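Take a look at the letters that make up each chain.
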Amino acid sequence: MFKFRFNHPDYEDKKLNESLFDILKNNTLLSLSTNSNRKSYINTAFYAFDDKLKIYIITDPESNHSKNLVKNQSITVSIFDSHFRFWKDKLQGVQLSGKGYKTPILQMHNATSCFVKRFPLFKEIVKSPKDFMKKAVKVRLYTLEIDRIKLFDEKRFGEEKFIDLKIK
């Protein structure tokens, strides 16, 4: 069952959802761009996600990107497999836009569960969501809430097809 209705005039929702979630499942790192005072900053982070397309990262609250999110929640994310060979492989990837923020207490259980499911070793670092609240660990969970998608999946949709989608 597909999760989002995009109502794209050229592509079925089912295929778009399959492509999007395959890309998310088959990769583990993202590049996150944040901005503050007209200066851009990019970082790389491991991520987990849920079926509502909330993406979760763990990071140091003193990092540049964390500080930027306090001032400006606007984010752009890129996810792709960097092992693709130039001009030989069919490319797949996704660019996402939206907002990022420190994960609220009410979302902490879901975010932690997503991370443990995706990265079982995470449970050795964070025993329970309360570890974040008690500041028993240095890192914090951040939520990336997505509202725009640019999908490219040459295997499914053909060469150089960049598909713009909105999350409602």
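This text follows the structure it describes.
Residues numbered from 1 in each chain as written. Predicted model: local features only at pLDDT ≥ 70, side-chain atom pairs only at ≥ 80, totals over all residues. Heavy atoms only, no water.

As for the overall build of the protein chain
(1) Moving on: The helix and strand inventory of the protein chain stands at six helices and seven strands.
(2) Moving on: Starting at the N terminus and ending at the C terminus, the protein chain contains elements arranged as α-β-β-β-α-β-β-α-α-α-β-α-β.
(3) Moving on: The C-alpha atoms of the protein chain give 17 Å as radius of gyration, which agrees with the globular expectation for 168 residues (15 Å, within 12%).
(4) Moving on: The principal-axis extents of the C-alpha atoms in the protein chain amount to approximately 50 × 40 × 35 Å.
(5) Moving on: Among the 168 residues that make up the protein chain, the fraction classed as buried is 42%.
(6) Moving on: Taking the contacts inside the protein chain whose residues are at least 6 apart along the sequence as the reference set, 63% of them involve residues at least 24 apart.
(7) Moving on: Carbon and sulfur atoms make up 52% of the accessible area of the protein chain, which totals about 10,400 Å².
(8) Moving on: One finds the centroid of the 32 positive side-chain charges in the protein chain at a distance of 7 Å from the centroid of its 20 negative side-chain charges. (Helix = DSSP H or I, 4+ residues; strand = E, 2+ residues; numbered from the N terminus. Rg over C-alpha atoms; globule rule 2.2 N^0.38 Å. Buried < 20%, exposed > 50% of the residue type's maximum accessible area, 1.4 Å probe, protein only. Contact = heavy atoms within 4.5 Å. Areas by Shrake-Rupley, 256 points an atom, 1.4 Å probe, with all protein chains shown as cover. Lys, Arg positive; Asp, Glu negative; His and termini not counted. Charge placed at Lys NZ, Arg CZ, Asp CG, Glu CD.)

Focus: the packing of aromatic side chains
(1) Moving on: Enumeration according to the criterion identifies nine aromatic pairs in this entry.
(2) Moving on: Relative to Phe 21, the ring of Phe 4 lies with its centre 6.3 Å away and its plane at 10°, an arrangement referred to as stacked. Here Phe 4, found in the segment before helix H1 (13-26), pairs with Phe 21, found in helix H1; they are 17 residues apart in sequence, far enough to count as distant. Just as Phe 4 is buried, Phe 21 falls in that class too.
(3) Moving on: In this arrangement the basic side chain of Lys 3 is found over the ring face of Phe 21, its NZ or CZ atom lying 5.1 Å from the centre.
(4) Moving on: Looking at Arg 118, its charged tip hangs above the ring of Tyr 47, at a distance of 4.7 Å from the centre. (Phe/Tyr/Trp six-rings, centres within 6.5 Å; stacked < 30°, edge-to-face > 60°. Lys NZ or Arg CZ within 6 Å of the ring centre and 35° of its normal.)

Quick look at helix H2 (residues 64-71)
(1) Moving on: Among the residues making up H2, those that are buried are His 65, Ser 66, Asn 68 and Leu 69. On an axial view of H2, the arc spanned by its buried residues comes to 160°, and they lie on one face. Turned more than 90 degrees away from the buried face of H2, the exposed residues are Val 70 and Lys 71.
(2) Moving on: Close packing links the buried residues of H2 with strand S1 (29-36), strand S2 (39-49), strand S3 (54-59), strand S4 (74-80), strand S5 (92-102) and strand S6 (140-153). (Arc of directions from axis to C-beta.)

Concerning unusual backbone geometry
(1) Moving on: We note that Leu 53 has phi near 65°; this positive angle belongs to a residue other than glycine.
(2) Moving on: By the secondary structure assignment, Leu 53 is in the loop between S2 and S3.
(3) Moving on: Even without glycine at this site, Glu 160 takes up a positive phi of about 55°.
(4) Moving on: Position of Glu 160 relative to the elements: it lies in the loop between helix H6 (154-157) and strand S7 (162-166).

Structural notes on the nonpolar core
(1) Moving on: Counting 30 residues, the largest nonpolar core has Leu 30, Ile 79, Leu 144, Ile 149 and Leu 151 as its most contacted members.
(2) Moving on: Those elements that provide at least two residues to this core are H1, S1, S2, S3, S4, S5, S6 and S7.
(3) Moving on: With sequence-adjacent residues up to four places away left out, Leu 30 is seen in contact with Asn 43, Thr 44, Ala 45, Tyr 47, Ile 55, Ile 57, Val 77, Ser 78, Ile 79 and Leu 144.
(4) Moving on: Counting residues in hydrophobic clusters, the runner-up holds 10 residues, among them Tyr 56, Met 108, Cys 114 and Leu 141. (Core = buried A, V, L, I, M, F, W, Y, C linked by side-chain atoms within 4.5 Å.)

Some thoughts on the pattern of salt bridges
Close approach of charged atoms allows side chains with opposite charge to pair.
(1) Moving on: Applying the stated criterion across every chain yields a total of six salt bridges.
(2) Moving on: Measuring nitrogen to oxygen at the nearest pair gives 3.6 Å for the salt bridge that ties Glu 159 to Lys 90. Residue Glu 159 is located in the loop between H6 and S7, and its partner Lys 90 is located in the loop between S4 and S5; the two are separated by 69 residues in the primary sequence.
(3) Moving on: Since its relative accessible area comes to 39%, Lys 90 is described here as partly exposed.
(4) Moving on: Across the pair Asp 153 and Arg 156 runs a salt bridge whose closest N-O atoms are separated by 2.8 Å.
(5) Moving on: Residues joined by salt bridges that share partners form a network here, namely Asp 22, Asp 153 and Arg 156. (Salt bridge = Lys/Arg side-chain N within 4 Å of Asp/Glu carboxyl O.)

Some points on the side chain of Thr 59
(1) Moving on: You can see Thr 59 is positioned in strand S3.
(2) Moving on: Leave out the neighbours within four places in its chain, and Thr 59 touches His 65, Ser 66, Val 139, Arg 140 and Tyr 142.

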